[in-house]
Amino acid sequence: MPRRLAAPGPEGAQLQAILEAAGHAPDHGRLLPWRFILVPQGARAVLGQAFVQALLQRDPQADAEEQQRARDKAARAPVLLLAVVDEGAADAPIPPAERWLSAGCAVHGMLLMATALGYGSALTSGRALQAPALRALFALGPHERAACFISMGTVQSRKPPRQRPAPAQYVTTLMAPGGGVHSWPAHDQADEYH
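Procedures and definitions
- Residues numbered from 1 in each chain as written.
- Predicted model: local features only at pLDDT ≥ 70, side-chain atom pairs only at ≥ 80, totals over all residues.
- Heavy atoms only, no water.
- Phe/Tyr/Trp six-rings, centres within 6.5 Å; stacked < 30°, edge-to-face > 60°.
- Helix = DSSP H or I, 4+ residues; strand = E, 2+ residues; numbered from the N terminus.
- Buried < 20%, exposed > 50% of the residue type's maximum accessible area, 1.4 Å probe, protein only.
- Core = buried A, V, L, I, M, F, W, Y, C linked by side-chain atoms within 4.5 Å.
- Contact = heavy atoms within 4.5 Å.
- Axes fitted to C-alpha atoms, helices over the stretch in contact; angles between N-to-C directions.
- Parallel < 35°, antiparallel > 145°, perpendicular 65-115°, else oblique.
- Left-handed = near helix turned anticlockwise from the far one by under 90°.
- Nonpolar A, V, L, I, M, F, W, Y, C, P; charged D, E, K, R; others polar.

Quick look at the packing of aromatic side chains now. Within this structure, the stated rule accounts for three aromatic pairs. For the pair Phe 51 and Phe 149, a centre-to-centre distance of 5.7 Å together with 75° between the ring planes defines the contact as edge-to-face. Highlighted residues: Phe 51 in helix α2 (residues 44-58) and Phe 149 in strand β5 (residues 144-155), separated in sequence by 98 residues. On the basis of relative accessibility, which here comes to 4%, the residue Phe 149 falls in the buried class. Taken together, Phe 51, Phe 138 and Phe 149 form an aromatic cluster joined through their ring pairs.

Written out as structure tokens, the structure is:
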């Protein structure tokens, strides 16, 4: 979580390496259907105000404490970027799903590089991403959608590791001809499928 990230964050050549990692994402049609907007410290106050405006649009009765929590979200991590996806027009030859997949790969490449350089990272999203105040602040085009914020910095405290799913929970094997799909075997049986 961004609350667990503090200075120093990546800068200079390290930040450049993280950003370059995004460029290795698959990109059908070479559309570059994603971009990243760096939010420097000097722009955090205006982002915090956009978060407050988004909150008040959803909940006009939000009290001062709720507004302050929304405002504080802009200042949590030393490096903050907004990931933006260009979904394209409805009749575009490369469909939105492929554009989002490319963007996801770009984000993942950045997260992996940040980890390799010794930094922590986190993704955050929420309803504020599509709020008019935030869309206007980041000058998003008509076919663009804010995907998530990417936070990076030095890890101050770690969450307990979560249990990850095993491949048998999300992988099946196509059995041909006409055999449908079968479950991926447990770890000790996986070698039979090579």
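That shown, we press on.
Turning our eyes to something else, we now look at the nonpolar core. Soluble globular proteins: nonpolar side chains tend toward being buried together. The biggest cluster of nonpolar side chains holds 21 residues, and the ones touching the most others in it are Leu 47, Phe 51, Leu 82, Leu 134, Phe 138 and Phe 149. Contributing elements (two or more residues each) for this core: α2, β3 (79-86) and β5. The element best represented in this core is α2, accounting for five residues. The contact partners of Phe 138, leaving out residues within four places of it in the chain, are Arg 35, Ile 37, Val 39, Leu 47, Leu 82 and Phe 149. In this structure, Ala 22, Ala 83, Ala 103 and Met 152 belong to the second largest nonpolar core, which totals 19 residues.

Another aspect to go through is the packing of α2 against helix α3 (residues 64-72). At a minimum axis distance of 7 Å, the contact between α2 and α3 shows a crossing angle of 135°. Taken together, α2 and α3 sit at an angle that is classed as oblique. In this structure, α2 crosses over α3, and the sense of that crossing is right-handed. Where α2 abuts α3, its residues Gly 48, Gln 49, Phe 51, Val 52, Leu 55 and Leu 56 lie against Glu 66, Gln 67, Ala 70 and Arg 71. Of the residues that constitute the contact of α2 with α3, the class distribution is five nonpolar, three polar and two charged.

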